[in-house]
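# Structural characterization, general
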Amino acid sequence: MNRILFIGLAIFLLITSFNLYSQERFPSYYSQNEMELTTPGTILFGLGGYSNPAILSYLSQPNLYLTWNDRNSDLDDFNNIGLFVSLPNFGFSMVEKKQNNYSITDYKLSAAYGSAALSLGIGYGWSSGDVSYYNRSNLFTLGAIYRPANFLSFSLIGNLPTNNEREGIIGIGLRPFGNYNLTFFGDYIFTKDTIPEQVTWSAGATIEPINGLRLVGRYFEGKAFNIGVQLGFGIFGLTTISHFDEESNRSHNTYGIRIGADDRNLLRIFSGNDNYVSMNMQGGIKYQNFKLFDKSKTLFNLLEQLD
């Protein structure tokens, strides 16, 4: 385990030390994952391996997540969409953006392997559309998530476009009470600053006062911030994120619909505390009944009812 961790950290540090030769850069970590509520690995599901492929090791069921925003359009005009399909250990994503009559579609295949304590992942991305206008290039993403304790996690990401500036991202998640009620998170970008970043760090918190109801605040360097709400209904979920600029004006909203993997269910608060089956346990329990006229309780009947 320690050897795997050492190799993962060595790869991450190697990524951040690469020299750059391009005059322009690949879109940064924050512009790529504006649909994500928190630092990858600090909330359930996330974008299914799009930002950090290592998260796919923690998925036990298939999951599909659709996002869109109203940055350049109305709520019902799907001009900026993201589709994230994930399976245990594997994921596929497609993100389409339109701006100034130009459009680009980014694709990524991801895979991961690991345990509850440490997961490593890799992704490969490519684009179609107006690639030169958006300065796109093919992209390799390396990721790791390390959880030394149930209240602490670290996320490492390396974005390696084939032509433009490479970047490394380190993230952290902290649950001070050891549960999902409160989570603090943050992340930081390391680059060679060929073109200086407008945003190099973010920090925020997730509050889950009721199972399935998550309230998220995320602050970005430069005074921009997001406020998000996520509702979990078992295999179905809804997300909305309001994006505010440096002057605290709402710039746009992002919306998401999720279906597939099981989540904590907000609707269970309406079911009361009587979540049990009533069984009459009076009298003795026999091994088996007589074939005729014997309605006594048996061990087999009891086990069948429990099942």
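Scroll up to find the structure.
Summarised in this report is the structure supplied together with it.

What counts and how
Sequence positions are assigned chain by chain, starting from 1 and proceeding in written order. Residues qualify for local features only when their pLDDT is at least 70, as the model is predicted, and side-chain atom pairs are given and counted only at 80 or more; totals for whole chains, interfaces and linings, by contrast, use all residues. Side-chain numbers come from the whole structure's heavy atoms, not from hydrogens or water. Definition used in this section: a nonpolar core is a set of buried Ala, Val, Leu, Ile, Met, Phe, Trp, Tyr and Cys residues joined via side-chain atoms within 4.5 Å. The classification of residues rests on relative accessible area computed with a 1.4 Å probe and restricted to protein chains. Under 20% of the type maximum is buried, over 50% is exposed, and intermediate values are partly exposed. Whether two residues are in contact is decided by their heavy atoms, any of which lying within 4.5 Å being enough. By the criteria applied, helices consist of DSSP H or I runs no shorter than four residues and strands consist of E runs no shorter than two, each listed in order from the N terminus. Patches draw on residues past 30% relative accessible area with no salt bridge. Two like charges within 9 Å are joined, as are two nonpolar side chains (Val, Leu, Ile, Met, Phe, Trp, Tyr) within 5 Å. Shrake-Rupley sampling with a 1.4 Å probe provides the accessible areas, and residues are treated as covered by the protein chains on show and by no other component. When a carboxyl oxygen of Asp or Glu lies within 4 Å of a side-chain nitrogen of Lys or Arg, that pair is called a salt bridge. Between the rings of Phe, Tyr and Trp (Trp by its six-membered ring), a pair exists once the centres lie within 6.5 Å; its type follows the angle of the planes, with under 30 degrees stacked, over 60 edge-to-face, and the other angles tilted. Comment: the charge-over-ring label is applied if NZ (Lys) or CZ (Arg) is within 6 Å of the ring centre and within 35 degrees of the ring normal. Pairing of N or O atoms within 3.5 Å defines a polar contact, subject to two protein rules: one partner must be a possible hydrogen donor and the other a possible acceptor, and residues neighboring in sequence count only if both atoms are side-chain atoms. Two strands pair if DSSP finds at least two bridges between them.

## A look at the nonpolar core
Tyr29, Tyr30, Ile157, Ile169, Ile189, Phe220 and Ala224 form the largest nonpolar core, which has seven residues in total. If we skip the residues at most four places from it in the chain, Tyr30 touches Asp187, Tyr188, Ile189, Val199, Thr200, Trp201, Ser202, Arg218 and Phe220.

## Some words on the environment of Ile269
With respect to the element layout, Ile269 can be found in the loop between strand 14 (250-259) and helix 3 (299-306). Owing to a relative accessible area of 45%, Ile269 belongs among the partly exposed residues under this scheme. As a C-alpha pair, Ile269 and Ile210 span 59 residues in sequence and 8.1 Å in three-dimensional space.

## Section: a nonpolar patch on the surface
Side chains of Leu64, Val85, Ile235, Phe236, Leu238, Ile257 and Ile259 sit close together on the surface and give an oily, nonpolar patch of about 510 Å² of accessible area. Turning to its location among the elements, Ile235 is positioned in the loop between strand 12 (225-233) and strand 13 (236-244). Under the relative-accessibility criterion, Ile235 is labelled partly exposed at 49%.

## A look at the packing of aromatic side chains
In the structure shown here, the tally under the stated rule is 15 aromatic pairs. Relative to Phe244, the ring of Phe225 has its centre 4.8 Å away and its plane inclined at 10°; by these criteria the two rings are stacked. With a gap of 19 residues between them, Phe225 in strand 12 and Phe244 in strand 13 connect regions that are remote in the sequence. Through a chain of ring-to-ring contacts, three or more aromatic side chains come together here, namely Phe92, Tyr107, Tyr124, Trp126 and Phe140. One residue, Arg258, lies across the ring of Phe45, its end atom 4.2 Å from the ring centre. When the ring centre of Tyr180 is taken as reference, the NZ or CZ atom of Arg264 above it lies at 3.9 Å.

## Re the side chain of Ser51
Here Ser51 is to be found in the loop between helix 2 (29-32) and strand 1 (63-69). Ser51 sits in the buried class, given a relative accessible area of 7%. Of note is the side chain of Ser51, whose polar atom sits 2.8 Å from the side chain of Glu36. In this structure, Ser51 is in contact with Asn33, Glu36, Pro40, Thr141 and Ile157, ignoring residues within four places of it in sequence.

## Things to note about the pairing of strand 4 (residues 102-114)
Bridge analysis of strand 3 (residues 90-99) against strand 4 gives ten bridges, and the strand direction is antiparallel. Residue pairing for strand 4: Val95 is matched across the bridge by Asp106. As judged from the eleven bridges shared by strand 4 and strand 5 (residues 118-129), these two strands associate in the antiparallel manner. Considered in strand 5, the bridge of Lys108 is made with Gly125.

Just distances and angles here, no functional claims.
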